[in-house]
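Listed below, chain by chain, are the residues.
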Amino acid sequence: MLATAAMKSQRISFYYQNVRNMRSKDREFSLSVLEADHDVIILNETWLDSSLSSALFFDKSFCVYRCDRNAASSVCSRGGEVLIACSSSLNSYEIPLHHPALEIICVCILFANTRLLVVAVYLPPSHSACATTISTVLDCTSNICSSLRPGDGFLLIGDFNQHSISWSAAIADTDASFQFFEPVSLSTRRAQFIDDLHHNALFQINNKFNSSGNVLDLIFANSETASASSVVSVSDNSLLPINHHHPPLEFDAIAPVNLAANITTGKRLNFARADIHKLESLISTFDERFSCNDYASLDLAVKAFSEFMSHALRKCVPLQIPPGGPPWGDRTLRALKKAKRVAYRNLRARRSATSRQHYRALALPALQ
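Residues numbered from 1 in each chain as written. Predicted model: local features only at pLDDT ≥ 70, side-chain atom pairs only at ≥ 80, totals over all residues. Heavy atoms only, no water.

With respect to the overall build of the chain
In step 1: For the chain, the count of helices and strands is eight helices and 16 strands.
In step 2: Residue burial in the chain is summarised as follows: out of 368 residues, 43% are buried.
In step 3: A separation threshold of at least 6 residues defines the contact pool for the chain, and within that pool the share at least 24 residues apart is 68%. (Helix = DSSP H or I, 4+ residues; strand = E, 2+ residues; numbered from the N terminus. Buried < 20%, exposed > 50% of the residue type's maximum accessible area, 1.4 Å probe, protein only. Contact = heavy atoms within 4.5 Å.)

Here's what the structure looks like:
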C-alpha cells in the first residue's frame, strides 16, 4: 500500500553552456550566476586548470566539480574541460570515473529515497570520430547505468561534436509522457554510438540547432528523468557570451521518486516451509499449563498467549525472502530483458541491417 504521507516534489533547474574559455571572465561570470536562479550548472570547454580556483567563479552557494584537461586527454595545453556546479542546498558528491583519457565527470545528487546521476562530457573534434574514445565513453556510460537503482534518474550531457548526425522531429514515447529525438541520418560508426546508448535505455531530448543547423550539444536521459523534465529550451539569459556553434540550454526536472520504496512490504512468514511437528509440540506444551485463572484479567491472558504464539512462529516458520528487483518485475519482463541482451550481443557481433532492425524492435518498441 502506498504511504499516505504526501511526497513533496522538488524541481531542479538545469543550465548548460559551452563557454569556450572562461579563464579571464571570472567577474562577469560570477555576477551572472548571482543574478540567475539555477540549481545545477554544467559547463563545457571552460579552459580552466589547477592554477585557477573555482572560488573565482562560484561563491559558497555552489559545490563545484571539475575535470580539467591533462596530457592523457589531449595533446593541446589549452581548451576542453568540463564542470558541474550544484547548489549547496542539494546533497551532491562526485563519483570517480578513473578515465584520465576522457574529459568527463559524474556527480550524484541524493534525494529522499533515490538519486540523480549527472554526467558531463566533452569530445573534442579530434576525438569525436575516434572509435577508441567513443567506445570508452560508452563503456563508462554503461557502467554507470548498470549501477542505477529502481527510480534513479540519469543525465548524460555534453558537446559530442557529432556533426554528421541529423535528428528527427519530436517522437512521443509509448505513454506519451515525454518526447525524444531519433537520428535520421548517420554513418555506421555513429550508428554504433546511438545503438549503445539505446541499449542503456537512454533518450536524446535536445533538438536546439546551432547557427549551422547542427545539434552538437546532446542530452541523453533515462525514462525516469525524461518523463520528469520540461522541454529543453535556449536560455534567454546566458551566463557568458554565446558561441554561435553552441546555444546555451536550460530545462527543469522534478527530482526522481522511487515509488517502490514507498510500498509497505513488511516481513511475511513462509508457512509452506514451516516445521509443523515442532510447532504442534510447542503449542501442546503451552496448552497443558495455560489457564485464564492464572491471570488478573482476560487481557493479560490474551497478551501472554499472543507472546507465546509469536515466539513459537519465529522458531518454527522461516521468513519469506522477497524476490529481487522492482515489484513490477515479472517473468515476462525478465524474458524481454534477456531477449534484448541477446539481440544486442548479436548486433555488436554482426552489425547487419537485420540484427539492427531486430534489436531496435526490442529496444524501442515505441518507434515501431
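Now, onward.
Some words on the sheet that holds strand E8 (residues 153-159)
In step 1: Strand order in the open sheet made by the six strands is E5-E6-E7-E8-E14-E13, with mixed pairing throughout. Strands at the two margins of the open sheet, each flanked by one partner only, are strand E5 (91-94) and strand E13 (202-204). Averaged over all neighbouring strand pairs, the angle between strand axes comes to 20°, with direction disregarded.
In step 2: Pairing geometry for E8 and strand E14 (residues 217-222), over five bridges, is antiparallel. From the neighbouring strand, glycine 158 faces E14, where its bridge partner is leucine 218.
In step 3: Across the face of the sheet, helix H2 (residues 131-146) comes into contact with strand E6 (103-110), strand E7 (115-122), E8 and E13 while running at roughly 160° to E8. (Pairing = 2+ DSSP bridges. Axes fitted to C-alpha atoms, helices over the stretch in contact; angles between N-to-C directions.)

Some details on unusual backbone geometry
In step 1: One non-glycine residue with positive phi stands out, namely glutamate 45, at about 50°.
In step 2: Look at glutamate 45 and you get buried, because its relative accessible area is 5%.

Section: the packing of aromatic side chains
In step 1: For the structure on display, the rule yields 10 aromatic pairs.
In step 2: Seen in terms of ring centroids, phenylalanine 14 and phenylalanine 251 are 5.0 Å apart; in terms of plane orientation they differ by 5°. Their pairing is stacked. Separated by 237 residues along the polypeptide, phenylalanine 14 in strand E1 (residues 11-18) and phenylalanine 251 in strand E16 (residues 249-254) bring together distant segments of the chain. Grouping residues by exposure puts phenylalanine 14 and phenylalanine 251 together as buried.
In step 3: A ring pair is formed by phenylalanine 160 and phenylalanine 220, whose centres lie 6.0 Å apart and whose planes are at 85°; its orientation type is edge-to-face. Of the two residues, phenylalanine 160 is situated in the loop between E8 and strand E9 (166-167) and phenylalanine 220 in strand E14; the sequence distance between them amounts to 60 residues.
In step 4: Joined through ring pairs, the aromatic side chains of Phe29, Phe57, Phe58 and Phe62 make up one cluster. (Phe/Tyr/Trp six-rings, centres within 6.5 Å; stacked < 30°, edge-to-face > 60°.)

As for the side chain of glutamine 17
In step 1: Tracing the backbone shows glutamine 17 in strand E1.
In step 2: Glutamine 17 sits in the buried class, given a relative accessible area of 0%.
In step 3: A polar side-chain atom of glutamine 17 sits 3.0 Å from the main-chain carbonyl oxygen of leucine 240.
In step 4: Every residue in contact with glutamine 17, bar those within four places of it in the chain, is listed here: Ile42, Leu43, Asn44, Ser238, Leu239, Leu240, Pro241, Ile242 and Pro248. (Polar contact = N/O pair within 3.5 Å; in protein donor to acceptor, adjacent residues only side chain to side chain.)

With respect to the sheet that holds E1
In step 1: In space, the six strands of this open sheet follow the order E3-E4-E2-E1-E16-E15, with mixed pairing throughout. A single partner strand is all that each edge strand has here, and the edge strands are strand E3 (62-67) and strand E15 (233-234).
In step 2: By the bridge criterion, six bridges tie E3 to strand E4 (residues 82-87) in an arrangement that is antiparallel. From the neighbouring strand, cysteine 63 faces E4, where its bridge partner is cysteine 86.

Quick look at the pairing of E6
In step 1: Of all the eight residues making up E6, seven are buried; the element is thus mostly covered by neighbouring parts of the structure.
In step 2: Relative to E6, E5 runs antiparallel, the two being bridged by four bridges. Looking at E6, one finds that serine 92 is bridged to isoleucine 109.
In step 3: Across eight bridges, E6 lies against E7 in antiparallel orientation. Within the sheet, the bridge partner assigned to leucine 110 lies in E7 and is arginine 115.
In step 4: Between E6 and the antiparallel strand that follows it, E7, lie four residues.

Let's talk about the environment of cysteine 106
In step 1: Considering the arrangement of structural elements, one finds cysteine 106 in strand E6.
In step 2: It is 6.8 Å that separates the C-alpha atoms of cysteine 106 and leucine 117, two residues lying 11 residues apart in sequence.
In step 3: When neighbours within four sequence positions are excluded, cysteine 106 is seen to be in contact with Tyr93, Glu94, Ile95, Leu97, Leu117, Val118, Val119 and Ile144.

A closer look at helix H7 (residues 331-350)
In step 1: Relative to the 28 Å expected for 20 residues at 1.5 Å per residue, H7 spans 29 Å between its end C-alpha atoms, a close match to the ideal helical length.
In step 2: Among all positions in H7, only Lys340, Ala343, Tyr344 and Leu347 are buried. Within H7, the buried residues cover an arc of 105° as seen down the axis, which keeps them to one side. Of the exposed residues in H7, the ones pointing more than 90 degrees away from its buried face are Arg331, Arg334, Lys338, Arg345, Ala349 and Arg350. (Expected span 1.5 Å × (residues − 1). Arc of directions from axis to C-beta.)

Here we look at the pattern of salt bridges
When their charged atoms lie close together, side chains carrying opposite charge are able to pair.
In step 1: Under the defined criterion, the tally for this structure stands at four salt bridges.
In step 2: Its salt-bridge partner being aspartate 68, residue arginine 66 comes within 2.8 Å of it at the nearest N-O pair.
In step 3: The exposure class of arginine 66 is buried, given its relative accessible area of 18%.
In step 4: Here aspartate 152 and arginine 115 are joined by a salt bridge, their closest N and O atoms 2.8 Å apart. In this pair, aspartate 152 sits in the loop between H2 and E8 while arginine 115 sits in strand E7, placing the two residues 37 residues apart along the sequence. (Salt bridge = Lys/Arg side-chain N within 4 Å of Asp/Glu carboxyl O.)

Re the nonpolar core
Inside soluble globular proteins, nonpolar side chains tend to come together where they are buried.
In step 1: Counting 33 residues, the largest nonpolar core has Phe14, Val40, Ile42 and Ile84 as the members making the most contacts within it.
In step 2: Of the residues forming this core, the biggest block, four residues, is contributed by E7.
In step 3: Excluding residues that lie within four positions of it along the chain, isoleucine 84 makes contacts with Val40, Ile41, Ile42, Cys63, Val64, Tyr65, Ile105, Val107, Val118 and Ala120.
In step 4: Val119, Ile144, Phe154 and Ile165 belong to the second-largest nonpolar core, a separate cluster that totals 28 residues. (Core = buried A, V, L, I, M, F, W, Y, C linked by side-chain atoms within 4.5 Å.)

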